[in-house]
Structures are given as C-alpha cells and as structure tokens.
Protein chains: 4
Amino acid sequence: MFFASDNWAGAHPNITANIAANAGGFAASYGASEIDKKVEQRFNELFEREVAVYFVGTGTAANSLALASVNRPGGVSLCHREAHVIEDECGAPEYFTGGARLHPVDGALGKMDPANLRKELKRFNPGFIHAGQPMAVTITQATEIGTLYTLEEIATISAICREKNLPLHLDGARFANALVTLDVTPAEMTWKQGVDIVSFGGTKNGCWCAEALVFMNPDQAKDLPFIRKRAAQLFSKTRFIAAQFDAYLKDDLWLNLARHANAMTSKLAQAINGSDKVKLAWQPQANELFAILKKSDSEKLQAQGAVFYDWNPPHSADPIAEDETFVRLVTSFATTEAEIDQFAALIKAL
Amino acid sequence: MFFASDNWAGAHPNITANIAANAGGFAASYGASEIDKKVEQRFNELFEREVAVYFVGTGTAANSLALASVNRPGGVSLCHREAHVIEDECGAPEYFTGGARLHPVDGALGKMDPANLRKELKRFNPGFIHAGQPMAVTITQATEIGTLYTLEEIATISAICREKNLPLHLDGARFANALVTLDVTPAEMTWKQGVDIVSFGGTKNGCWCAEALVFMNPDQAKDLPFIRKRAAQLFSKTRFIAAQFDAYLKDDLWLNLARHANAMTSKLAQAINGSDKVKLAWQPQANELFAILKKSDSEKLQAQGAVFYDWNPPHSADPIAEDETFVRLVTSFATTEAEIDQFAALIKAL
Amino acid sequence: MFFASDNWAGAHPNITANIAANAGGFAASYGASEIDKKVEQRFNELFEREVAVYFVGTGTAANSLALASVNRPGGVSLCHREAHVIEDECGAPEYFTGGARLHPVDGALGKMDPANLRKELKRFNPGFIHAGQPMAVTITQATEIGTLYTLEEIATISAICREKNLPLHLDGARFANALVTLDVTPAEMTWKQGVDIVSFGGTKNGCWCAEALVFMNPDQAKDLPFIRKRAAQLFSKTRFIAAQFDAYLKDDLWLNLARHANAMTSKLAQAINGSDKVKLAWQPQANELFAILKKSDSEKLQAQGAVFYDWNPPHSADPIAEDETFVRLVTSFATTEAEIDQFAALIKAL
Amino acid sequence: MFFASDNWAGAHPNITANIAANAGGFAASYGASEIDKKVEQRFNELFEREVAVYFVGTGTAANSLALASVNRPGGVSLCHREAHVIEDECGAPEYFTGGARLHPVDGALGKMDPANLRKELKRFNPGFIHAGQPMAVTITQATEIGTLYTLEEIATISAICREKNLPLHLDGARFANALVTLDVTPAEMTWKQGVDIVSFGGTKNGCWCAEALVFMNPDQAKDLPFIRKRAAQLFSKTRFIAAQFDAYLKDDLWLNLARHANAMTSKLAQAINGSDKVKLAWQPQANELFAILKKSDSEKLQAQGAVFYDWNPPHSADPIAEDETFVRLVTSFATTEAEIDQFAALIKAL
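Residues numbered from 1 in each chain as written. Chains lettered and ligands numbered in written order. Predicted model: local features only at pLDDT ≥ 70, side-chain atom pairs only at ≥ 80, totals over all residues. Heavy atoms only, no water.

Visitor: Would you explain the sheet that holds strand β9 (residues 288-294) of chain D in this entry?
Guide: Strands pair in a sheet through their backbones, by hydrogen bonds, and they do so in one of two ways: parallel or antiparallel. All names here are of chain D. Across the sheet, which stays open at both edges, the four strands sit in the order β8-β9-β11-β10 with antiparallel pairing between neighbours. Two strands bound the open sheet, and with one partner strand each, they are β8 (278-280) and β10 (309-310). With two bridges joining them, β10 and strand β11 (residues 324-330) adopt antiparallel strand pairing. Each bridged residue has a counterpart across the sheet, and for Asp-310 the counterpart in β11 is Val-327. Across the sheet, helix α13 (residues 295-303) lies against β9, β10 and β11, angled at about 120 degrees from β9, the strand it touches most. (Pairing = 2+ DSSP bridges. Helix = DSSP H or I, 4+ residues; strand = E, 2+ residues; numbered from the N terminus. Contact = heavy atoms within 4.5 Å. Axes fitted to C-alpha atoms, helices over the stretch in contact; angles between N-to-C directions.)

Visitor: Just to check I follow, could you spell out the pairing of strand β1 (residues 52-56) of chain C for this structure?
Guide: Residue and element names in this part refer to chain C. Counted residue by residue, β1 has five buried out of five residues, so it is predominantly covered. Burial along β1 is two-sided: the residues Ala-52, Tyr-54 and Val-56 and Val-53 and Phe-55 are all buried. Both β1 and strand β7 (residues 211-215) contribute to a ladder of five bridges, which runs antiparallel. Each residue of the ladder has a partner; that of Tyr-54, found in β7, is Leu-213. (Buried < 20%, exposed > 50% of the residue type's maximum accessible area, 1.4 Å probe, protein only.)

Visitor: Just checking my understanding: could you explain the relation of the copies chain A and chain B for this structure?
Guide: Here two copies of a chain appear, and what relates them is a rotation about an axis with a shift along it. With an axial shift of 0.0 Å and an RMSD of 0.0 Å, the rotation relating chain A to chain B amounts to 180 degrees. Seen this way, the second copy is the image of the first under a two-fold rotation axis. Comparing contact sets, 100% of the residues at the interface of chain A also lie at the interface in chain B, consistent with an isologous, same-surface contact. (Least-squares fit on C-alpha atoms with pLDDT ≥ 70 in both.)

Visitor: What am I meant to see in the pattern of salt bridges here?
Guide: A side chain with one charge may pair with a side chain of the opposite charge, provided their charged atoms come close. Within this structure, the stated rule accounts for 65 salt bridges over all chains. With its nearest N and O atoms 3.0 Å apart, the salt bridge here joins A:Asp246 to A:Lys38. One end of the pair, A:Asp246, is in helix α11 (residues 239-248); the other, A:Lys38, is in helix α2 (residues 34-47), and 208 residues separate them in sequence. Using a relative accessible area of 16% as the deciding quantity, one classes A:Asp246 as buried. Where C:Lys267 meets C:Asp341, a salt bridge forms, and the shortest distance between an N and an O atom there is 3.1 Å. Of this pair, C:Lys267 sits in helix α12 (residues 253-273) while C:Asp341 sits in helix α14 (residues 337-348), and the two are 74 residues apart along the sequence. Judged by relative accessible area, C:Lys267 falls into the partly exposed class, the value being 24%. (Salt bridge = Lys/Arg side-chain N within 4 Å of Asp/Glu carboxyl O.)

Visitor: Would you take a moment to explain the interface of chain A and chain B for this structure?
Guide: Accessible area lost when the parts come together is the quantity often used to give the size of an interface. On the side of chain B, 52 residues touch chain A, which itself brings 52 residues to the contact. Remark: the boundary between chain A and chain B carries zero salt bridges. If you look at where chain A meets chain B, you find 26 residue pairs in polar contact (both at pLDDT 80 or more). At the level of secondary structure, the elements contributing two or more residues to the side of chain A that touches chain B comprise α1 (13-21), α3 (59-68), α5 (92-96), α10 (224-230) and α11 of chain A. (Polar contact = N/O pair within 3.5 Å; in protein donor to acceptor, adjacent residues only side chain to side chain.)

As far as function goes, none of this settles anything; it's purely spatial.
Listed below in structure tokens is the structure:
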C-alpha cells in the first residue's frame, strides 16, 4: 500500500528494455544521435506542429529552465499560491533565473482564479519599475492537489496572458494524467488554448528520468542550448533519455499507464466515500487524492502498512479539527487493485 | 573508428541489466531507498573512510555543486588554464555560485604548476578586498589532455591549499582511468594526498548517467541537500543512479573498463609512433591522445570513417604549422582492437 | 503641497554644509578615513554597544545586503505581505541573494501577525528540503503604511526567531520617524527586543544618500566587506557618507527632523478628520498617511497643486467603492505648516 | 605627498557648492527632476548624439550594469588580463550577470592586443555550446596602468567586435584623463571608433560620487531601468548626482581638472627620469605612474611621508630583482606642485 508518491514507483519494463536496447554501439553525444532526432520528430507529431524539444533530468529542471528562458530583469512569474514551483522546488526557479520572483495568486481547488490573476497583475504597472515586470504565468496540470483545469479555464488564463504579452507555461509533471481524464489531445490541452511552453513529464508515469521542455514556438528557444548546458542539464548520453521517451510514447503506453493510475485513485475515492471515518477533501480528478481523518486513525492505517504523507492544507481549505489530519494519497502506474482493496478493508475496519 | 569522445559510447550491459533489475516495486524516493544506502556504504569502503556521497546527473553538475558547497562572497577558485570547468562547462560553475570566478593558472602538460599557483594566490592578499577571496583550488585527474598528476604532485598542491586554508577539489570525470595507470587506491589518490572533495564520474566509463559528489569530510557537506535540490539535481528515482554505481563498482568492473580504455589509447599511440605523418603532441597517460598532422591527412582519415575532433591547442603548446591541425582521439570501454587496427592501417597508408 | 514621497525633499543645510566641510584634503578611501572611524564610533554610542557599521548608497542596498549576509541555499526570508522588500525593490533582495525567496506573511495594519508567522514557518520542516530553509525574518519600522510595531510586538516576533534560530532584520528606512513616536532609544527599539541587523536610513529624513547596515553582533558581519564590494556598494570616497551621518546624528538633528515630519502628518490627519469627503484608511503613526476619497475629488486636489500618489490598498484592507481611490500622503523634514494649511483648505472646499 | 589613489582626493569646491545649491525644495525622485533632465541633455551635447544616460553610484556599478545589459546565457566578456573589471571589482561583473565570465586577453602596456583578441575569440565557435558564447568586449581608457589606446587602436578592436556582432564597452573611470592627453572629443574617443557603451566616471576627477552609464544607442538600454533598480543603484535623490555632473561638465571644469592631474604625473615622471635610483616601468600617459625601485628606498620614501602602494606587476612586464619593488603613484585634481617638488627632492636624496 504505497501511496506516498508516484515517484516511489520504479520504471515500466518497456522503459528499461528500451534503455538496454539502445546501450550498444557509438552514438553522437549531447543530443545529436539518431534516436534523439527520432524522438524530437515524435514530439512534433504528438503536438501536431513543429516544436522545439529539450530533454532534461528532473521536473524541477524543466520548470526552472522554462522560466529562465523568458527571464527579464526584475522579472516576476505568477503562479498559484500552492504551485509546485513555489512550494516544492527549494527555490530552484528563483535560483536559475538569478532571482526572478514567483508571485502567488490565490484560487480554489489548486487552480489560479482568473479574477485574482488580473488583480495581481495590476500591481505591475509598466511605468512603475519598483514592482518589477511580469515575465510569465505558470499553471500546473494536473494541479498539485490532483484537480484539473478545463480547456476553457486554460483559455481564460491565456487570454489574460495575451493581453499583457506574457508567455504561458504549463507544468506537466502529470501531463498524461490530466490528458486522459479530460480525454483531449496534447495539442488541445496546450497551444490550442494558448499555452506556449510545456514541462512534459515522463518520470512520475513510468520512466526513470525523462522530462522534456517543449516550446510551441521554436524561435522562443534560441538560447535554450546555452541555458541548458550552463544549468548542468545537458546530458552527454542523451540517447538514454530519448530511449525512455521512445518507449513511453509508443503504442499509447503513456496514456494507458496514466489511465491505470487515475483509475486506482478513483477506486480509492470510492472506498473513502463508503467510509464515515475518512472524508475526501475534494473530488480527485487525476492520480492524487486528499483526505481528512482523525490523527489516531491515520496512525493506525500507517501502522498497518499503508504508506502516505501528511500534507499542508491549501490556504483556501476549510480549517480542520485539532485531532484531525490532512493526508495525501497518490497512485501510479504500478499501483495494484489488490493494494487498494487491502487499504479499503483497513478503512472499513477503522 | 569512433574516437570523438568516450561519451559516444553507450552503457555496459551490466549497467543496463542492473537498471532493469531494480525497476520493480516501490522504493522511497529522493535518496532514501535501500540501494541508495547500500551504494553509499560501498563508497565508504572504496575510500576507506566515512564519506558523504551525493548522486547527480552530470559531471558539470558535480563540479559546479562542489564549488557551490565552498562558495564565498567574492570567491575565486583556481584551476588550470585549460581545465574542463573553465573551458567546457558553458559557465556553469560561475552560474551555480552566483558569479564566483575561476582564475586560470598556467602549467605544462595540462597540470597546474605549483609555483604558478603560489604566484597567482599572491594576488589575493586577505586585506585587499578588491581582488576577492580564494575559495578553492580545483584540479582534474586525468587531466583534460589525457595526462596525470603523480601522487607527489597532488600532495604539493594540497600543501599550498593547507597553507592558505583552501579546500582542494578533484574533478574525476575520468577518475578510474587515472587510478589504473597510477595503480593506486582511491584513498591514495585523494584524501591521503589532501584532496577534500571529489567529482567521481561513472558516465564516461560505461554508465549512462552516474556521477557522485564525494566529500571526504561529511561535515563540510551539511548544506548539500539544499544545494543539490535547488540546483535541480535531486532525482526523484535516485535508485536508478544507485543501481548504476552498484553494478559499476562490483567485481572491479569500473577498473577493468578503464584498463581497457587506456590500453586502447596505448595501442593507438604505438600506431602513431610508427608513422611519420602523425605525431603525438605528448605522451598519453589515460584514454585520450592528442596528435598533430596535416589538415589534408586529417580530412582523409575522416573521409575514410575515422571520427574525431579538432581541438584547441593548449596555451603552453608549441605553435603548429599553418597546414597542420591539432586533433583529439579518445578511446573508451567500448573501443575495440579492430577499430584501432583499422585506424593504424589508415595512418600507415597516408 | 508635495506629499508624493519623503524622497522628494532635498537635503538639510547641515548635511550639505558638512559635505562641503569634508571635501578638502586627502583621506584614505574605501572606509578607512578619520571621519569614517569617527562615525562608526558614533554608532556604537547610539546603540550602546559595539556594532559593525557598513555604509551603502540606497535603502534597497541595505536591505538586500542584510539578507545576503545571512544567505543560505534554498533560503527563505519571511516578511509582511506588503513589505518594501517584496513590493518595491524590483526583486533586489532575491537578486543579491542569488534567488533566496521572500515569503509573505499576512497581518493587519502593515504588521506581521505573529500567529501567521508561526503558521507559515510550519511549512519549513527541517527534514523537508523541498520547501527550502528559512534564513531570516524581516520587519519594517515604521511600516510601509505608516504604522508602528510596539516594542512588545517586536519582542514577540524575535522570540519566534530565537526558537527557530533565525536572525531578525529591521528595515529602518524610516527608523527615526518610528523612534520619536515611540519615544524610545535605538537600543530599546532594536537589540533589546532581539533585533540582529538594522538598515538604518538617513536619506528619507534629510540626508541625500546615507544608509547604514548595522550588525548588533559584529561577528555575523565578517564577510560583509566582500559582500558590499561585490555588490558595487563600496564607495571610494566614503568620507562623504560619513560626513552626512556625522551632521545627521549631531545635536539630535535626526530626531528633530523626524519629529517635524511626523507632526506634519498629524496635522494633515487632523485636517482630514475634519472633512467628510476624505477619510483616513487607518490612524497614521509616523510620517505617512493613507486616505480614501472620491476619484473626482482626488483629481481636483491634484489639479489644484497637491502632489501625491494613488496606492495599492493592502490585501487586508476593506474594499473601496468603484468611484473611490486609495491615496498616500507623505510628509518630510522639509514639509511646511503652510503647505498643510493650504491642503486643508482645499479639502474643506471639496 | 598623497599618491595612493585619485580617490584619496576629496571633491572640488564647485561640486560641493552645486550639491548645496540644489538641496532645497521638492523635486521628483528617481531620475525625474529638472536637473536630471538638464544633465541628460548635456550628455547628448557632449557626445554629439542622442544617448541614454543612467546615473549610478560607483564605477564598479557602471561596469557591472553595462555588462548586465548585454548579458546572455553562458555569456563571456573579453577584457585585458589586468583590467579593473577582472582584477579589482571583487567579482562584481560576474555577480551582477549571474555568472557571465570575464575572459582575459593578453597585451602589452595594459592594452588588449587585437591579434590575441582574435585568437581568444576563436575558442568560441558558435556551434560549440560548451565554451559559452561571447557577449561583449570591454576595454579601459585610460588603462589600469596609465596608458592610452590611440583612436586607431580602439577602431581596430571595434572592427573585430563588428565582425562578431559584439558590443564594445569602454570603462572610462578615467575618461577625462584620456581625453585631454589625446586631445580629442568624447564622440571621437567613443562611438566614432565604434564604442557602444561607456562607463563615464566623474568620481576620480573631482566629484564625490558621480558615475554615468552612457548608451550610444538608446534602444539597447530598454531594460536598464529595471536592471539598475534591481541592482540597488537607483538613487531616490538623483538630483544630487545630476548636480555633481552639472558642475563637473560646466565651463570645462572636468577637462581642466584632468589636465592638471595629468600634468602632475608628467612632472613626477621628469623627477624620476632624473634619478638613477627609481626607474619608470613605462611612459605614463595619464595620471598614473608605475616605477621600479629598491624595496629599501621605497620604505625610506614612505617613512618620509610619501603615500603610495606596491602593485602587482603586469604579466607582460619583465621580472624585477628580488630586492626591488613595483609601485604605483597616482596624481589627481588635488595634487599640488609642491607635493611633487617635495617628492622629487626625496628621490634625489636617495
């Protein structure tokens, strides 16, 4: 019953098999090999346009370099108040931009509220240099709390970005999990709604380390080769990241793995809905579920082998009782129905 | 005949097999899994003392974070004038330290001359803030040009570091290649000669992405967890870097691979010594060889299938003729004798 | 009727006279002259202990270098949500620290609420590197909105800092204005309540450019000479900053100027209290006053010669009507009673 | 006999008088006052074109922000091996650019050798990201060692910059001293030879703190307002920097002060030429003189009241004897003939 994080799962056999299959022989390093080019081409098909793709090693790197690519002096990027970039990357986005600030925007259910975005943007009057200058808006899909922006919601935010001439970045550490719930194409979830740059994550969904920074407009990525190399994210043997993506994107593996992960979370939600000791904090839409239960019950579940973390409640959440705790449960491609059943039984027995 | 770089080679089968072997099941992420701990213990044995080990994704990351860990305001690290850190990392060490300078020190054969090191250090009078303050000395072993510091030479440099209270970092992207030529232990090549921090590279010698930052004194690495995470080098599924090192360090695989790579360079040197069209720039000591030949001959060799790069001659090298070129040939664990024989035949036929 | 900012005022005649008086002859540069040492000694007397004093050119520099002096990897400084450091310095504190974040804490009347500070600090569990690590708490006295922390309120915040082993910085751009209202000594308003580092501002109160970074514990400032020089804030002819402070601190000039500025704001508040067209947003305690009035009235006042700015209402303020505006009025050492009388008459006539 | 530095001199009476004359009344802050605009216009006249002018507080700030304004990822600026930017600014240029490197170029007499510049630029092949990308060339006029580039020499360097599409920056901390020796106009010494950005220094030549960053093409300075504010170099009461420049540039004061300073150095050189105990290291061309003498004689002169510093000999200088020392003597607007005569007598008596 491992619900601590989707990064506690390992790698899908197809991924490791393709790493091994590409390990022999000599290949140009630093992104110039055959399989690098093949996978870049695959991304063009995926996004139904010519994109610029840069492989990096971690999601934090993808997000940080995305923001570094649109960096400005006194730059400010607006994100949700509990976004991964501002809460969970140890300051990497500020570090890689030499101090460009992340400015929090409130919103319910982990999603930036467009009205709040407008309100916060008003603080940055172009003639008032003291406040700095906005340089990007960044959203997360699926969000940090397992919810989803609808296509319309993304379009509403991107319309504000267009007005202000700001690029829109999408942190897609759980891109596939969002895609399968919404049942749309990558193009529909990104550039067709006005998204400019995507952190396309494979690691949490069955790869071991495969993240791609995808620019919808390759012209905007001209300095990326230098930005990436200077950031120590240019791997010499890039063929091995390419090989992971090659297997990941083949025969819908990535979508099937995400469907499974999401289905496991749905099953978990059903179990919780049937209990009067545990309640859902809100309806899960991807592969993360947040719940509220008594501290003593939480400890009991953990003592019985369930692995999960306490979590900081969002600023927008209702306060919980003193003797309650707020927990996160994450499922992955590797989660089994048996694990969920076992956990459901434990809940029932509380 | 792939002599472009040791990073054109792929990964040894034992490495990919161990990646696959560790892909199943759930494991704590971010460095807390069983195999992470096992490999950390293995490093303690290897260095014959309790060390602090941090896995990162690239050699540039290892070097940059090593310097970031000893960072000081106005800090200056002294390195050889043609060191990898100053020539080939796109400014990463300065970037990750927020601008700490690399100060070049001259020396023959790619090695820092101790007398020059002393002379340059004189520029940094502690009472003279304008020059900044030294924060580290960094050397490369094997050097960028395939030569080696003797143990005595390392000890001479570290003695100067001790006098000035400066940590000594060793860039060991080709650590194994140096070790097998010198026929010494890791402890003998590092802390027994006064080295404090090591970038321990596995990637160029048969891994796909396995680099470790090793601190001889764990107390000096207290902030490294934050430094690494902020630098986007904390991989979530660290088990897969650990798995590479696990296989790499087992049954002397790493030493055997390095011996093979070095032997291939020796064989190449013999072929060149027998030619009057190509001459060695200096005697190779590890797995890189530098040679001077006519541009037209170089082009002919490449047209016949030999892959290698032109290289910037060191500042200390004698000038070459207008119609000559300076080239680098690198062998690796994957280089075959047949390749060398084929290349030898081409040289002979020039 | 210049109420735009206290930095619209020039310099007091005593200040410029002392600049001229110290302009002749040769003196050691970079902080080593006689008058530099004399003023450093004066600061010791002022704070009733041996402090370390570093002159810089701007308040933004003082704040940024204060935070740079306590910088940590993944560092986070907690400040009020509308503090000058986070709202009005164009990202300088993040820039000078290479990306250390400012984390906003809410609180009424421009003051950090201790309960909120505790709550936000809980996000930074020492074992959880993803969130980064707290490195400082910074408060502003007088605050950005012209209110004051009582000594007890400062002590309450510093007690939290002590618990968490965090230094407490005080942005004293309007230090004198706070001091005279509270009628306490510099020691009482700072280290006796647990403040560790002070940005001691003279510019807004009659100097032309005189800011000092004051460390209550000189040991914590060891690297400051390098931090300041690297930040381009080491003036060669420091004697001229020293000369300003010399005159500023002589015969209570600084306190008298602040008393005058505050009295002018009080007089302004009385005028507003007597009006039914303009209302105070809250009670002013130093030399800044915030008011709410009809947009049309605001425009009328400006058309008649009153100079002041619209201001972003604090997040904690009640919303204002669509046809209203929120404005800031600042008085200074140079404000005359006649100006206030003239403005009072205009208000009356609305 | 104060020959330690031109920054040991104070401020010319016209400068301090104009500070006092502009101290009264209210004026828009942050560069928007009448005198700010008047002085900006004066710079247009001076340079015979519309330039963009930004006042800053120190020469280090001017140089660092000049380079920050042309910053690129992996950026490298080429400067003379002993330039002030690389030797004497405690790493500020690297710090303000987030790590862009200064790459040293050798050349005799403190001047970048064009052939060496070309040679070093070859290291930065546009297709080779590992080396980074050149972003600027920066020269110093007068140089750190008191010599001058001829107009032709500047033009030769700028021609190389044009070929490589690189901006050319000129560090003019001693701009006036160079101008009067060459007897040319500001336009002739700068943009007419292809200089793009000038650090125009007033501090060393009679101001107390007046440095201007001048862009020949205002379009290239669009982000400078943010760059300067973020760098804590936007003074609130800019009128006082403007007032200094106003007096400095009036009635040729600046040129007359520089002529005097240079004449004093010439007179000093004559005294030294008549001695067989002290020899000129090279012919001085501005207001700095470098000499070689016995250590015992140097100590004797200092014991008799002469104030000057030992200096690091340039890398290109001939070695000196063990018992000799290399010293720097600087004259300024405030140096008197009597001081020189007194020093000449001491030399004679050695």
